[in-house]
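Analysis of the macromolecular model
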Amino acid sequence: MPTCAAHVSCAVTCRNDRHHTRHLETPTMRVAIIGTGLIGASLGLAFRRAESVRTVIGHDADNANLATALTKGALDSATTNLTDAAENADVVVLAVPPSVIERVAQEVVPHMADGAVLTDVGSVKGEVVAAMERAVAGSNVHVVGGHPMAGSHEHGPETAMADMFVGATWLLTPTASTDQAALDRMTALVADVGAQPVVVDPKAHDLLVAVISHVPQLTATTLMTLAAERARKEDARLLLLAGGGFRDATRVAASNPEMWLQICQENSEAIVQVLDEYAARIGQLRMMLHDFDSERLSTMLTDAREARNAMPGKGGVSGQLVELRVVIPDAPGAIADITSTVSGLGINIEDIGIDHAPDGKRGQMRLAVNGFEAAEKAHEALGANGYEVLERAS
């Protein structure tokens, strides 16, 4: 029997409050979230208000995370038993490290509903999707790999946000064996939480994220290591001179090393391919500087600037930016209040935009500001005024 939220160690723990009111047809899906960190708990918050979801049950090997997610309202119920979480689930979301995906998938698949969908939220898809497909072999459970392009430098369920996925791209990675009805179900569910579903092949996905995420992470790590070693060997004052450009360029170097070690292991082939291309371009840059080929160097700098300014939502912007995504409350004057709060701090808003959910009822405001310090000040002020804010490297 379900017990109170205070005792997560019991078999099943249920929220004391009633599920929020639904406004459209009766929701039907039972969704299980395995892993209740920042992404898993944010998914729970989003799913619990999705029109198509009836129940959200969570499981985590970390009881503290599970208790926090439950208390925060990200789950209708929680269990410390993995197979109980998957029992009769229509969708199971694996929000766990890639290294344990196959083991967890093998445990949950036998307990899922007939025709259910198994998905994940990882940033590497090739081997992960293959592992999930091995786990469902011989069953009537279907695999649809997933990667919501949303997140934060923060971590843990205590920082989860229901609107984290509003306006975000959510990559779905079917294979030749993917059931079309399962893909359609996931596409609808992604749209139901306010994200924009985009379908891409798993291998193509891994090359794309190697360019826009994995190699930038390793580049920042390498630059930070170089600076730190120079500071130790040559001049301890070096890092005291680091300005906004260096801090913004190396900010992701502060990310979780264990997470990135797993990502590098899972996506090594694509990362090596992109690193080879990047190394060739660095070699070209070295020759331009060695010979001081001002014409080619100017062309490269100009082309990069124009490409950066042409990025979606970043037109006309130059310099290193940090993007704040602010959940827009359904209240008159909210947009004006958000912008005036930031500008009132003397912070220039370099770019602004609004991303709407497909249903047109929800949205996030995008505010791009120069540098981490400005972003931190704006984040703090907006939070003090009651706004939910997600901070992203831009």
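Parameters and conventions
- Residue positions are given per chain, counted from 1 along the sequence in the order it is written.
- Under the rules for a predicted model, residues below a pLDDT of 70 receive no local features and side-chain atom pairs below 80 are neither given nor counted, while totals for whole chains, interfaces and linings still include all residues.
- Calculated side-chain values reflect all of the structure's heavy atoms, with hydrogen atoms and water omitted.
- Accessible area is worked out with a 1.4 Å probe on protein chains only. A residue is then buried under 20% of its type maximum, exposed over 50%, and partly exposed in between.
- Helix numbering and strand numbering both begin at the N terminus, where a helix is a DSSP run of H or I of at least 4 residues and a strand a DSSP run of E of at least 2.
- Note on contacts: a residue pair qualifies if any of its non-hydrogen atoms lie within 4.5 Å across the two residues.
- A pair of strands is labelled paired if DSSP reports no fewer than 2 bridges between them.
- For helices, the fitted line uses only the C-alpha atoms of the stretch in contact; every axis is such a line through C-alpha atoms, and the angle between N-to-C directions lies from 0 to 180 degrees.
- What counts as a salt bridge is simple: a side-chain nitrogen of Lys or Arg found within 4 Å of a carboxyl oxygen of Asp or Glu.
- When the strands point away from the viewer and the path from the first strand over the helix to the second turns clockwise, the crossover is right-handed.

Further remarks concern helix H1 (residues 38-48). By the criterion of burial, H1 is predominantly enclosed, with ten of the eleven residues buried. For H1, the full list of buried residues reads Leu38, Gly40, Ala41, Ser42, Leu43, Gly44, Leu45, Ala46, Phe47 and Arg48. Those residues of H1 that are buried lie in contact with strand E2 (29-34), strand E3 (53-59), helix H2 (63-72), strand E5 (91-94), strand E9 (169-173) and helix H6 (180-192).

A few words on the sheet that holds strand E8 (residues 145-148). If you trace the three strands from one edge of the open sheet to the other, you get E8-E9-E10, paired in mixed fashion. Looking along the sheet, the strands with just one partner apiece sit at the ends: E8 and strand E10 (196-199). Strand after strand, the sheet turns through a mean of 25° between neighbouring axes, direction not considered. Against the sheet, H6 touches E9 and E10, its axis set at about 170° to E9.

Moving on, we get to the pattern of salt bridges. Summed over the entire model, instances satisfying the criterion amount to nine salt bridges. We note a salt bridge from Arg48 to Asp76, for which the minimum N-O separation is 2.8 Å. One end of the pair, Arg48, is in helix H1; the other, Asp76, is in the loop between H2 and strand E4 (77-79), and 28 residues separate them in sequence. Considered together, Arg48 and Asp76 belong to a single accessibility category, that of buried residues. The closest approach of N and O atoms between Glu323 and Arg325, which form a salt bridge, is 3.2 Å. Assigned by exposure class, Glu323 and Arg325 land together as buried. The network of salt bridges with common partners includes Glu102, Glu127 and Arg134.

To continue, consider unusual backbone geometry. Negative phi values dominate among residues other than glycine, just as trans dominates among peptide bonds. The phi dihedral of Asn88 is positive, around 60°, even though this residue is not glycine. Relative to the helices and strands, Asn88 resides in the loop between helix H3 (82-86) and E5. Positive phi, close to 40°, is recorded for Phe292, a residue that is not glycine. Within the secondary structure, Phe292 is located in the loop between helix H10 (268-290) and helix H11 (294-309). A residue is classified by how much of its surface remains accessible, and Phe292, at 56% relative accessible area, is exposed.

Attention shifts here to the pairing of strand E13 (residues 363-370). Most of E13 is tucked away, with seven of its eight residues classed as buried. Bridge count for strand E11 (residues 321-327) against E13 is seven bridges, and the pairing is antiparallel. Paired with Glu323 across the two strands is Ala368, which belongs to E13.

The next thing to look at is the pairing of E3. Within E3, six of the seven residues are buried, which leaves the element mostly enclosed by the surrounding structure. Two strands pair when backbone bridges link them, and E2 and E3 are joined in this way by six bridges, in the parallel orientation. Note that in E3 the partner of Met29 across the bridge is Val53. Once the chain exits E2 it traverses H1 before rejoining the sheet at E3, and the crossover so formed is right-handed. Across three bridges, the pairing between E3 and E4 is parallel. The residue of E4 that forms the bridge with Gly58 is Ala78. For the crossover from E3 across H2 to E4, the handedness is right-handed.

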